[in-house]
Amino acid sequence: MSEPKNAFINDKIFINEAKLSDLQTIQQIAEETWPVAYGNILSAAQLRYMLDKMYSIASLEQQLQNGHHFLLASIKHVPAGFASYTFDPEIITLTKLQKLYVLPQQQGKNVGKNLLTEIVHRVKLREKQQLNLNVNRANPAVNFYRKFGFEIVYSEDIAIGNGYFMNDYVMALKL
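Residues numbered from 1 in each chain as written. Predicted model: local features only at pLDDT ≥ 70, side-chain atom pairs only at ≥ 80, totals over all residues. Heavy atoms only, no water.

1. Points about the overall build of the protein
Then, number 1: Check the secondary structure of the protein and you find five helices and eight strands.
Then, number 2: When the helices and strands of the protein are listed from N to C terminus, the series reads β-β-α-α-α-β-β-β-α-β-α-β-β.
Then, number 3: Its C-alpha atoms give the protein a radius of gyration of 15 Å, within 12% of the compact-globule value 16 Å for 175 residues.
Then, number 4: Across the protein, every contact between residues at least 6 apart in sequence was considered, and the portion connecting residues at least 24 apart equals 60%.
Then, number 5: Carbon and sulfur atoms make up 50% of the accessible area of the protein, which totals about 9,400 Å². (Helix = DSSP H or I, 4+ residues; strand = E, 2+ residues; numbered from the N terminus. Rg over C-alpha atoms; globule rule 2.2 N^0.38 Å. Contact = heavy atoms within 4.5 Å. Areas by Shrake-Rupley, 256 points an atom, 1.4 Å probe, with all protein chains shown as cover.)

This is the structure we're talking about:
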């Protein structure tokens, strides 16, 4: 079953499946959101390392080729945020939320909530039973996910190269 390509959330928010031509927009959103989201958590060097590693156009293209579904949210045709998710090929009941970022000036307008709601809708269409995510343990987004119904399952520290680690919670939402 294929996922819907576009979703009108309301008269202001529009969510569409991102294409290759949208990757530069996704990269720009990441460049604007990461310093705000992680500036007090990560060193400037680690922040730059992670952005270069995960949000170069080549990396985003590879993610698309490897099964990431990217959604791009817009408010009145202006990009506001994005999310991505993957279906786990080994655990057929599981889907992983890979990314969810909303531009700082668009936060508080339900963009993140609507992106996540759209992903849950698409995951349910595929009859998946759980949505997992990783979030930095010091990131206030932990509370956003809790309000949405996610629960902390465990903590993990993931080596990402250059001596850096992601210090995350793994959170799960039963569907």
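2. Describing the nonpolar core
Then, number 1: In this structure, Leu131 and Tyr145 are the most contacted members of the largest nonpolar core, which totals 26 residues.
Then, number 2: Breaking this core down by element, the ones donating at least two residues are β2 (13-17), β3 (69-75), β4 (78-87), β5 (94-102), α4 (111-125), β6 (130-136), α5 (141-148) and β8 (164-174).
Then, number 3: Here the element with the most residues in this core is α4; it accounts for six residues.
Then, number 4: When sequence neighbours within four positions are dropped, the list of residues in contact with Tyr145 reads Leu97, Leu100, Leu116, Leu133, Val135, Phe150 and Met171. (Core = buried A, V, L, I, M, F, W, Y, C linked by side-chain atoms within 4.5 Å. Buried < 20%, exposed > 50% of the residue type's maximum accessible area, 1.4 Å probe, protein only.)

3. What to know about the pattern of salt bridges
Then, number 1: All chains considered together, the criterion is met by six salt bridges.
Then, number 2: The salt bridge involving Asp22 is made with Lys19; its shortest N-O contact spans 3.7 Å.
Then, number 3: Using a relative accessible area of 12% as the deciding quantity, one classes Asp22 as buried.
Then, number 4: The exposure class of Lys19 is partly exposed, given its relative accessible area of 47%.
Then, number 5: Measuring nitrogen to oxygen at the nearest pair gives 2.6 Å for the salt bridge that ties Arg48 to Glu31. A residue pair is termed long-range when its members are at least 10 positions apart, and Arg48 in helix α2 (residues 44-55) and Glu31 in helix α1 (residues 23-38) qualify at 17 residues.
Then, number 6: With a relative accessible area of 31%, Glu31 lands in the partly exposed category.
Then, number 7: The structure contains a network of salt bridges with shared partners spanning Glu17, Glu118 and Arg122. (Salt bridge = Lys/Arg side-chain N within 4 Å of Asp/Glu carboxyl O.)

4. With respect to the packing of α2 against helix α3 (residues 57-65)
Then, number 1: Two elements in contact, α2 and α3, have axes whose closest approach is 5 Å; the angle formed by their N-to-C orientations is 50°. On the basis of the axis angle, α2 is oblique to α3. For the pair α2 and α3, the contacting residues are Lys53, Met54 and Tyr55 in the first and Ile57, Ser59, Leu60 and Gln63 in the second.
Then, number 2: When grouped by side-chain class, the residues that make up the contact of α2 with α3 number four nonpolar, two polar and one charged. (Axes fitted to C-alpha atoms, helices over the stretch in contact; angles between N-to-C directions. Parallel < 35°, antiparallel > 145°, perpendicular 65-115°, else oblique. Nonpolar A, V, L, I, M, F, W, Y, C, P; charged D, E, K, R; others polar.)

5. Describing the environment of Asp22
Then, number 1: If you trace the backbone, Asp22 turns up in the loop between β2 and α1.
Then, number 2: Separated by 19 residues in the primary sequence, Asp22 and Ile41 place their C-alpha atoms 28 Å from one another.
Then, number 3: If we skip the residues at most four places from it in the chain, Asp22 touches Asn16, Glu17 and Leu72.

6. Re unusual backbone geometry
Then, number 1: Here His77, not a glycine, exhibits a phi torsion of approximately 70°, which is positive.
Then, number 2: The residue His77 is located in the loop between β3 and β4 in this model.
Then, number 3: Take His77: its relative accessible area is 80%, and that puts it in the exposed class.
Then, number 4: One non-glycine residue with positive phi stands out, namely Glu127, at about 60°.
Then, number 5: Along the polypeptide, Glu127 turns up in the loop between α4 and β6.

7. Focus: the packing of α1 against α3
Then, number 1: Where α1 meets α3, the closest approach of the two axes is 10 Å, and the angle between their N-to-C directions is 115°. Crossing angle aside, the handedness with which α1 passes α3 is right-handed. Counting all contacts with α1, which are made through Leu23, Gln24, Ile26 and Gln27, the residues of α3 involved are Ile57, Leu60, Glu61 and Leu64.
Then, number 2: Of the residues belonging to the contact of α1 with α3, the class tally is five nonpolar, two polar and one charged. (Left-handed = near helix turned anticlockwise from the far one by under 90°.)

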